[in-house]
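# Observations on the three-dimensional arrangement
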Amino acid sequence: MPLTIPTRHGPLACQAYLPPESSEGKPGVYLNLHGGGFVAAGPEQDDAWCRFLAHHAGVVVINADYAVAPKHRFPVALEQAHDAAVWVAADNPLWDGKRLCIGGQSAGGSLSAGVCRLILEQGGPRIALQVLVYPPLDCVTDAGLKHTDYKKALITPFLSEVFNACYIPDPAKRTTRLVSPAWGTNDQGIEGIAPAVVLTCEYDRLHDEGVRYAKSLEKAGALVDHYDVPGVDHCFNLISGTREIAEKAYRRMADHVKNAVAK
């Protein structure tokens, strides 16, 4: 079901996925932010995940088609996502905005982490759960210095720099806690942030920054689960992994969403 969300940067086109009918009242809601290095539009890449989540967690899933770089640079996508979260949290006949989760894969995970940080610092709706799936959380460190033993890693140093240059061309701005929460001391002061599920991939060049942030969340009392998927690379569920591995990850994340909106 298509819907449009007003934001400070113009209308945000979304697709809503409805769960099976239930007699338990209005369902919770999950705001999904797709990946693509902040430069590739394409929320349809998450269609299978959104359908799975709506069915297995019993939530309305709102898949957002946020603005991408280089036409729209930081912080446009983040501010759109923040505005969308505030809008979704308001009263709605289709879902209970007080039971709101947010999450995304890759760039979408970064945006989700940024939204939760903004809400922690500025106030806003309660986020029942943030789901960060192989997210880039350190846009400062040169990708060539990020460790991976996998010679065919999807995220190459060149590709990483292209994404960063398009999204945040000014290197100084890449140090902000809103895009690099796992860099330096940016992980300090996050006590009270939304509970989090973090998924990392063994062969992913972004693996170590995801692990670092998961540990920071744990120290802050906000980590619900860190799932380190063995033997797979970035975007394993879309490109390189088996259906069995992807479905296991989907089910684990969906169970956490279901539990979060039940509270």
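Report follows, based on the coordinates. No experiment lies behind these values; they were computed from the predicted model shown.

What counts and what doesn't
Residues numbered from 1 in each chain as written. Predicted model: local features only at pLDDT ≥ 70, side-chain atom pairs only at ≥ 80, totals over all residues. Heavy atoms only, no water. Helix = DSSP H or I, 4+ residues; strand = E, 2+ residues; numbered from the N terminus. Rg over C-alpha atoms; globule rule 2.2 N^0.38 Å. Buried < 20%, exposed > 50% of the residue type's maximum accessible area, 1.4 Å probe, protein only. Contact = heavy atoms within 4.5 Å. Areas by Shrake-Rupley, 256 points an atom, 1.4 Å probe, with all protein chains shown as cover. Lys, Arg positive; Asp, Glu negative; His and termini not counted. Charge placed at Lys NZ, Arg CZ, Asp CG, Glu CD. Salt bridge = Lys/Arg side-chain N within 4 Å of Asp/Glu carboxyl O. Core = buried A, V, L, I, M, F, W, Y, C linked by side-chain atoms within 4.5 Å. Pairing = 2+ DSSP bridges. Disulfide = S-S within 2.5 Å. Axes fitted to C-alpha atoms, helices over the stretch in contact; angles between N-to-C directions. Phe/Tyr/Trp six-rings, centres within 6.5 Å; stacked < 30°, edge-to-face > 60°. Lys NZ or Arg CZ within 6 Å of the ring centre and 35° of its normal. 1 Å grid on protein atoms, 1.4 Å probe; cavity = no way out; pocket = protein on both sides within 12 Å on 5 of 7 lines; lining within 4 Å. Points joined across faces, edges and corners; volume = space filled by probe spheres on them. Nonpolar A, V, L, I, M, F, W, Y, C, P; charged D, E, K, R; others polar.

## Observations regarding the overall build of the chain
Along the backbone of the chain there are 7 helices and 8 strands. Over its C-alpha trace the chain gives a radius of gyration of 17 Å, about what one expects of a compact globule, namely 18 Å for 263 residues. For the chain, with 263 residues in total, the buried portion stands at 55%. Sequence-distant contacts in the chain: of pairs separated by 6 or more residues, those separated by 24 or more amount to 78%. By element, 54% of the accessible surface of the chain is carried by carbon and sulfur atoms, the whole surface being about 11,600 Å². Where the 25 positive side-chain charges of the chain centre and where its 29 negative ones centre are 1 Å apart.

## So, the environment of I168
When you line up the elements, I168 lands in the loop between α4 (157-167) and β7 (196-201). Among the residues examined, I168 registers a relative accessible area of 2% and is labelled buried. Sequence separation between I168 and F74 is 94 residues; the distance between their C-alpha atoms is 5.8 Å. I168 has contacts with F74, K173, R174 and V179, leaving out every residue within four places of it along the chain.

## A closer look at the pattern of salt bridges
For the structure on display, the rule yields 13 salt bridges. One salt bridge in this structure joins D138 and R212, with 3.5 Å as the shortest N-O distance. Of this pair, D138 sits in the loop between β6 (127-133) and α4 while R212 sits in helix α5 (residues 207-219), placing them 74 residues apart in sequence. D138 sits in the buried class, given a relative accessible area of 4%. Notably, a salt bridge pairs R174 with E161, separated by 3.6 Å at the nearest N-O pair. In this pair, R174 is assigned in the loop between α4 and β7 and E161 in helix α4, connecting sequence segments 13 residues apart. According to the relative accessible area criterion, R174 is buried, its value standing at 8%. One continuous salt-bridge network, built from bridges that share partners, spans R8, E79 and D83.

## Brief notes about the nonpolar core
Residues I62 and Y167 are the most contacted members of the largest nonpolar core, which totals 52 residues. Tallying contributions element by element places helix α3 (residues 107-122) first for this core, with 7 residues. Discounting chain neighbours no more than four positions away, the residues touching I62 are L3, I5, C14, Q15, A16, V29, Y30, L31, N32, V88 and W95.

## Looking at the pairing of strand β2 (residues 12-17)
Bridge count for strand β1 (residues 2-5) against β2 is 4 bridges, and the pairing is antiparallel. Considered in β2, the bridge of L3 is made with C14. Where β1 folds back on β2, the antiparallel hairpin that results is connected by 6 residues, among which G10 adopts a positive phi of roughly 100°.

## Brief notes about the state of the cysteines
Scanning the entire structure with this criterion turns up 0 disulfides. You can see C14 has no disulfide; the closest cysteine sulfur is in C50, sitting 11 Å from it. The closest cysteine sulfur to the non-disulfide-bonded C101 is located on C116, 9.6 Å from its own sulfur.

## Here we look at the sheet that holds strand β8 (residues 223-229)
An order of β1-β2-β4-β3-β5-β6-β7-β8 is seen for the 8 strands of this open sheet, with the pairing classed as mixed. Pairing within the sheet leaves two strands with one partner each, and these edge strands are β1 and β8. This sheet shows a mean twist of 20° between the axes of neighbouring strands, independent of strand direction. Relative to the sheet, α3 contacts β3 (29-33), β5 (100-105) and β6, its axis offset from that of β5 by approximately 145°. Against the sheet, α5 touches β6, β7 and β8, its axis set at about 155° to β7.

## As for the packing of aromatic side chains
Within the structure shown, the criterion is met by 8 aromatic pairs. Lying over the aromatic face of Y227, R252 brings its terminal NZ or CZ to 4.0 Å of the ring centre.

## Here's the deal with the layout of surface pockets
Space inside the largest pocket adds up to approximately 420 Å³. What lines the largest pocket is a set of 20 residues, and nearest its centre among them are P19, S22, G25, P27 and G58. Contributing elements (two or more residues each) for the lining of the largest pocket: α1 (47-57) and α7 (243-262). A volume near 260 Å³ is recorded for the second largest pocket. Taken together, 22 residues line the second largest pocket, and the ones lying closest to its centre are G37, S106, I155, F163 and H234. Of the residues that constitute the lining of the second largest pocket, the class distribution is 11 nonpolar, 8 polar and 3 charged.

Take it as geometry only, folks, not as evidence of what the structure does.
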